[in-house]
Amino acid sequence: MGALKSTPAPIEHHDLSEKTGFSLRQIRVLHKRFKQLSEGDDVLRREDFLGISSLKYNPIRKEIIEAFFNRRNFSPSCEGRANEIDFEEFLVVMSHFKPPCSKMTDEQRKNIRREKLKFIFNMHDSDGDGLITLEDYRHVVEELLSRSGALGKETSRAIADAAMFEVARTVGHRDPDEFYEGITFEHFLKLLSNFDIESRMNIRFLKTDVIPGCRLG
Amino acid sequence: MENLWYVAGTIFQLWMSVVVFFIMLPAMFGLSLGVTEVYIQVLVKILEWATLRIQRGQQEQPSAPIPLHTGIIERVGGSMEEEMWQLRCSRPEAAGAFCLSDGVYFCKKGLESIVEDQVTQRFSSEELASWNLLTRTNQNFYYISLRLTIIWGLGVFVRYCVLLPFRIALASTGISWLVIGTCVVGFLPESSAKNWLSELVHLTCYRICARGLSATIHYHNKENRPQKGGICVANHTTPIDVVILANDGCYAMVGQTHGGLLGILQKSMVRSCPHVWFERSEMKDRNTVTRRLRHHVAAKTKLPILIFPEGTCVNNTSVMMFKKGSFEIGGTIYPVAIKYDRRFGDAFWNSSKYNMVSYLLRMMTSWAIVVNVWYLPPMTIQDGEDAAQFANRVKSVIAHQGGLLDLAWDGGLKRCKVKDSLKEEQQKMYSNIIVGQNHIRNTKTCSETREDQ
């Protein structure tokens with residue numbers, strides 16, 4: 001009976017808290033959500049994400065779901081894709097969206113920024129070759145724009161090409177016919193160097209108070 | 001052997017006299033002996049004490065997890081346009097990296113949905129901010145003190161061994177009396193006496209059933225009670241809603257014919273006063289349903305129809321989309337808001353988790369059911385308003401009165417998926433933003449290249 005036993009947080013939660021930087025309370029919440037999404041299972045699959053109604057609104061839902069199964073997001077040395085993820089991997093992906101702490105050294109801040117940008121980079125780089133090629137870019141723009149039918153495929157392609165051309169120019173390719181392999185991660189970092197990603201890409205958990213009293217209303 | 005029969009006989013007699021004198025007679029006249037009120041007051045005192053103990057316990061163990069309110073994450077309130085504009089402002093002028101950073105907005109929104117989404121939340125029971133000494137709500141409170149545990153143990157004993165048998169006996173008495181009573185009344189010829197008797201029987205039985213759940217119902221604004229020939233519309237949390245509303249007035253129920261015990265109940269009920277029961281095949285045909293209901297409403301002498309337009313049970317923190325079918329019938333709509341007090345027992349029926357029998361058992365082993373019912377002033381459809389808009393208007397009135405969130409989501413999403421048309425709207429919005437911006441950008445790029453050459 002849960003009422004009588006005193007169960008402290010499981011050891012794994014402490015380890016996870018150290019690894020990902022979430023507090024024990026946040027890990028508990030996310031664990032509950034994990035169990036809810038996986039319907040009691042220990043692993044999450046792609047189909048489990050499809051049940052979330054508000055995610056369906058999102059034009060890049062496929063990329064977001066793929067981000068959870070992309071091994072490069074679990075650790076920088078991994079490659080390839082998984083078909084199922086366990087709670088630890090779920091948390092690691094979630095930790096990319098941790099809000100910044102006020103007490104952080106510059107070094108830590110830089111690392112966190114790099115991690116967040118790597119996450120976004122991986123999301124755009126759908127074939128996983130470490131470069132955002134023209135094809136990758138076209139694909140993302142199409143997902144964002146032309147799926148609803150408001151813009152035709154040709155228009156979104158034109159937008160993608162124009163944007164890619166501008167990026168290529170910053171590297172020094174002035175001729176539109178010159179072949180540009182793609183945006184490397186270093187270049188990506190430079191492009192978004194002034195972009196305040198720390199405040200845009202985070203999810204804050206609400207603080208909750210101690211229990212209010214029980215009163216007849 | 002004979003002794004056993006004798007004992008059983010005495011117990012039965014004793015039980016029947018208790019029921020008749022202390023429960024049935026007061027129920028017939030709508031009186032209350034005040035036992036439930038005293039019980040609730042005692043309960044509140046105990047629960048307040050328990051809360052204080054838990055608070056003290058938590059201060060001593062700061063690492064113990066604290067339960068959460070309805071939201072987990074902080075959501076920025078801005079619309080897509082505002083956020084996009086902010087994104088672009090914070091970005092350097094150069095580089096066509098517009099899509100690269102726009103992706104961040106959608107990414108964040110997507111993650112927010114994954115951590116917490118409004119729809120799934122409505123279909124799981126609301127978490128209590130304190131513990132009401134029921135095992136089933138103790139997910140976050142662990143061992144705090146010996147005294148609390150003893151009280152909890154006593155609570156279990158009282159609920160399962162004292163209250164439960166009493167309630168089951170009472171509920172079965174109530175239902176069998178309903179069946180017998182309506183059958184008997186059904187034999188009478190049509191007359192005003194028959195209607196009066198039928199009302200009396202119905203009211204008595206629902207009151208007995210309500211006492212069988214230790215239900216305390218507070219009715220507000222009784223002057224707005226639904227009249228004959230009208231349609232009563234309420235938010236739906238549990239099948240017990242019917243008992244709650246029928247304690248104060250007679251309604252014509254609408255529903256599907258069932259087999260078994262419920263079927264017998266339905267058949268006998270319809271003999272004494274006109275309820276509207278549909279066969280399963282008829283339910284699919286919306287026109288037949290609307291026609292029959294319209295017919296019922298048009299005869300102004302018939303009892304008001306009771307409809308739950310959400311179509312499914314929701315967990316009483318919000319009101320989901322009202323199906324417009326009920327609002328196409330015509331006639332006056334009497335909205336009613338029902339709000340359960342969660343401290344004494346969670347009345348929400350999670351039909352995917354519990355079947356009817358286990359749900360009823362849970363209800364009968366809760367402390368009590370405390371409900372607030374607000375009767376709202378009648379509404380009719382206005383000129384130039386279609387059924388869907390009228391439905392939304394009624395829904396917001398009910399949500400406002402009951403202190404519930406007014407959601408536009410369809411309750412049917414509990415079981416099926418989001419419509420495609422909704423998905424595309426967000427994409428259209430985003431496309432418009434991009435095209436607007438890009439038009440300027442493209443012309444700029446073209447003029448620059450011309451300058452270079």
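Residues numbered from 1 in each chain as written. Chains lettered and ligands numbered in written order. Predicted model: local features only at pLDDT ≥ 70, side-chain atom pairs only at ≥ 80, totals over all residues. Heavy atoms only, no water.

Which residues make up the overall build of chain B, and what are the values?
Along chain B, the regular secondary structure elements total 14 helices and ten strands. The buried share of chain B, reckoned over its 453 residues, is 48%. Long-range contacts, defined as pairs at least 24 residues apart, comprise 77% of the intrachain contacts of chain B with a sequence gap of at least 6. Accessible surface for chain B amounts to roughly 22200 Å². Of this, 61% is attributable to carbon and sulfur atoms. (Helix = DSSP H or I, 4+ residues; strand = E, 2+ residues; numbered from the N terminus. Buried < 20%, exposed > 50% of the residue type's maximum accessible area, 1.4 Å probe, protein only. Contact = heavy atoms within 4.5 Å. Areas by Shrake-Rupley, 256 points an atom, 1.4 Å probe, with all protein chains shown as cover.)

Just give me the short version of the state of the cysteines, but keep the residues and values in it.
The bond known as a disulfide is covalent and runs between the sulfur atoms of two cysteines. One pass over the structure, following the stated rule, counts zero disulfides over all chains. No disulfide involves Cys209 of chain B; its nearest neighbouring cysteine sulfur is the one of Cys205 of chain B, lying 6.9 Å away. (Disulfide = S-S within 2.5 Å.)

Which residues make up the packing of aromatic side chains, and what values do they have?
Following the criterion strictly, the structure yields 13 aromatic pairs over all chains and no others. Here the aromatic rings of Phe49 of chain A and Phe68 of chain A are separated by 5.0 Å at their centres, their planes lie at 35°, and the arrangement is tilted. Of this pair, Phe49 of chain A sits in helix H3 (residues 46-50) while Phe68 of chain A is found in helix H5 (residues 61-69), placing the two residues 19 residues apart along the sequence. Comparing Phe49 of chain A with Phe68 of chain A shows no difference in burial state: the two are buried. Ring geometry for Tyr219 of chain B and Tyr375 of chain B: centres 6.0 Å apart, planes at 10°, overall stacked. With a gap of 156 residues between them, Tyr219 of chain B in strand S2 (residues 215-220) and Tyr375 of chain B in strand S9 (residues 369-375) connect regions that are remote in the sequence. The class of Tyr375 of chain B is buried, set by a relative accessible area of 0%. An aromatic cluster of three or more residues is present, and its members are Phe34, Phe49, Phe68, Phe69, Phe87 and Phe90 of chain A. Its guanidinium or amino end placed over the ring of Phe187 of chain B, Arg271 of chain B lies 4.7 Å from that ring's centre, counting from NZ or CZ. (Phe/Tyr/Trp six-rings, centres within 6.5 Å; stacked < 30°, edge-to-face > 60°. Lys NZ or Arg CZ within 6 Å of the ring centre and 35° of its normal.)

For helix H9 (residues 260-272) of chain B, give the residues involved together with the corresponding values.
For H9 of chain B, the set of buried residues is Gly263, Leu265, Gln266, Ser268, Met269 and Ser272 of chain B. Contact partners of the buried residues in H9 of chain B: helix H6 (146-186), helix H7 (192-211), strand S4 (252-256) and strand S5 (276-278) of chain B.

So what's going on with the packing of H7 of chain B against H9 of chain B? Residues and values would help.
Residue and element names in this part refer to chain B. At a minimum axis distance of 9 Å, the contact between H7 and H9 shows a crossing angle of 145°. Across from Lys194, Ser198, His202 and Tyr206 in H7, the residues of H9 making contact are Met269, Arg271 and Ser272. Across the contact of H7 with H9, the residue classes tally to two nonpolar, three polar and two charged. (Axes fitted to C-alpha atoms, helices over the stretch in contact; angles between N-to-C directions. Nonpolar A, V, L, I, M, F, W, Y, C, P; charged D, E, K, R; others polar.)

Run through the side chain of Asp136 of chain A, naming residues and quoting values.
On the secondary structure map, Asp136 of chain A appears in helix H8 (residues 134-145). If we ignore the near neighbours within four places in the chain, the residues touching Asp136 of chain A are His124, Asp125, Ser126, Asp127, Asp129 and Leu131 of chain A.

Give me a nonpolar patch on the surface: which residues, what numbers.
Residues and elements named next belong to chain B. Together, Val20, Phe21, Phe22, Leu25, Phe29, Leu31, Leu33 and Val35 line one region of the surface with nonpolar side chains, adding up to about 840 Å² of accessible area. When residues in the nonpolar patch are grouped by element, the largest group, five residues, is from helix H1 (residues 2-29). Mapping Leu25 onto the fold places it in helix H1. Here Leu25 falls in the partly exposed class, since its relative accessible area comes to 31%. (Patch = residues over 30% accessible without salt bridge, like charges linked within 9 Å, V, L, I, M, F, W, Y side chains within 5 Å. Salt bridge = Lys/Arg side-chain N within 4 Å of Asp/Glu carboxyl O.)

Any chance you could break down the pattern of salt bridges for me, citing the residues and the numbers?
All names here are of chain A. Within this structure, the stated rule accounts for twelve salt bridges over all chains. We note a salt bridge from Arg114 to Glu186, for which the minimum N-O separation is 3.4 Å. Here the residue Arg114 occupies a position in helix H7 (residues 106-124), and Glu186 occupies one in helix H10 (residues 185-191), the gap between them amounting to 72 residues. On the basis of relative accessible area, Arg114 is assigned to the partly exposed category, the value being 39%. Residues participating in the shared-partner salt-bridge network are Asp41, Arg45 and Glu84.

Lay out the nonpolar core with the relevant residues and their values.
Across soluble globular proteins, you tend to see nonpolar side chains buried next to one another. Counting 58 residues, the largest nonpolar core has Phe68, Phe90, Met94 and Phe188 of chain A together with Ile114 of chain B as the members making the most contacts within it. A domain-level breakdown of this core finds at least three residues from each of domain 1 (12-100 + 202-215) and domain 2 (106-191) of chain A. Excluding residues that lie within four positions of it along the chain, Ile114 of chain B makes contacts with Arg33, Leu37, Phe49, Ile52, Leu55, Ile64, Phe68, Phe90 and Met94 of chain A. Within the second largest apolar cluster, 41 residues are counted, among which are Ala215, Ile217, Ile244 and Leu306 of chain B. (Core = buried A, V, L, I, M, F, W, Y, C linked by side-chain atoms within 4.5 Å. Domains from an automatic or database assignment.)

So, the packing of helix H1 (residues 11-20) of chain A against helix H2 (residues 24-38) of chain A: which residues are in play, and what are the values?
Residues and elements named next belong to chain A. It is at 9 Å that the axes of H1 and H2 come closest, and there the two elements cross at 110°. Here H1 is positioned roughly perpendicular relative to H2, judged by the angle of their axes. By crossing handedness, the relation of H1 to H2 is classed as right-handed. Listed contacts from H2 to His13, His14, Leu16 and Ser17 of H1 are Leu24, Ile27 and His31. (Parallel < 35°, antiparallel > 145°, perpendicular 65-115°, else oblique. Left-handed = near helix turned anticlockwise from the far one by under 90°.)

Provide a residue-level description of the sheet that holds S2 of chain B, including the pertinent values.
All names here are of chain B. The seven strands lie next to each other as S2-S9-S8-S3-S6-S4-S5, forming an open sheet whose pairing is mixed. The open sheet has two edge strands with one neighbour each: S2 and S5. Put simply, the sheet's adjacent strands are angled 25° from each other on average, direction ignored. The pairing of strand S3 (residues 231-234) with strand S8 (residues 333-341) spans four bridges and is classified as parallel. When the bridges of S8 are listed, Val233 appears paired with Pro335. (Pairing = 2+ DSSP bridges.)

So what's going on with the pairing of S9 of chain B? Which residues, and what values?
Successive residues of a regular strand alternate their side chains across the two faces of the sheet. Residues and elements named next belong to chain B. Of all seven residues making up S9, six are buried, and the element is well covered by its neighbours. As judged from the six bridges shared by S2 and S9, these two strands associate in the parallel manner. Bridging across to S9, His220 finds its partner in Trp374. Across six bridges, S8 lies against S9 in antiparallel orientation. Looking at S9, one finds that Ile338 is bridged to Val373.

Outline the side chain of Thr173 of chain B, supporting the account with residue identities and numerical values.
Residues and elements named next belong to chain B. Within the fold, Thr173 resides in helix H6. The buried category is assigned to Thr173, whose relative accessible area is 14%. Apart from residues lying up to four places away in sequence, Thr173 is in contact with Trp15 and Val19.

Describe H5 of chain A, and please don't skip the residues or the numbers.
With seven of nine residues buried, H5 of chain A is to be regarded as a mostly interior element. Taken residue by residue, H5 of chain A has Arg61, Glu63, Ile64, Ile65, Ala67, Phe68 and Phe69 of chain A as its buried positions.

Residues and numbers for unusual backbone geometry, please.
Residue and element names in this part refer to chain B. Even without glycine at this site, Ser214 takes up a positive phi of about 50°. Inspection of the secondary structure puts Ser214 in the loop between H7 and S2. Look at Asn316: it is not a glycine, yet its phi comes out positive at around 70°. You can see Asn316 is positioned in the loop between strand S6 (305-307) and strand S7 (318-319).

Summarise the confidence of the model for chain B; cite the residues concerned and give the values.
All names here are of chain B. Per-residue pLDDT for chain B averages 75, and the proportion of residues at 70 or more is 73%. Contacts for the low-pLDDT stretch residues 62-70, under 50 throughout, to residues beyond four places or in other chains number 24 contacts. Note on residues 438-453: pLDDT is under 50 here. Beyond four places in sequence and across chains, it has eleven contacts. Our summary of model confidence lists the complex with pTM equal to 0.58 and ipTM equal to 0.79. (pLDDT = per-residue confidence, 0-100.)

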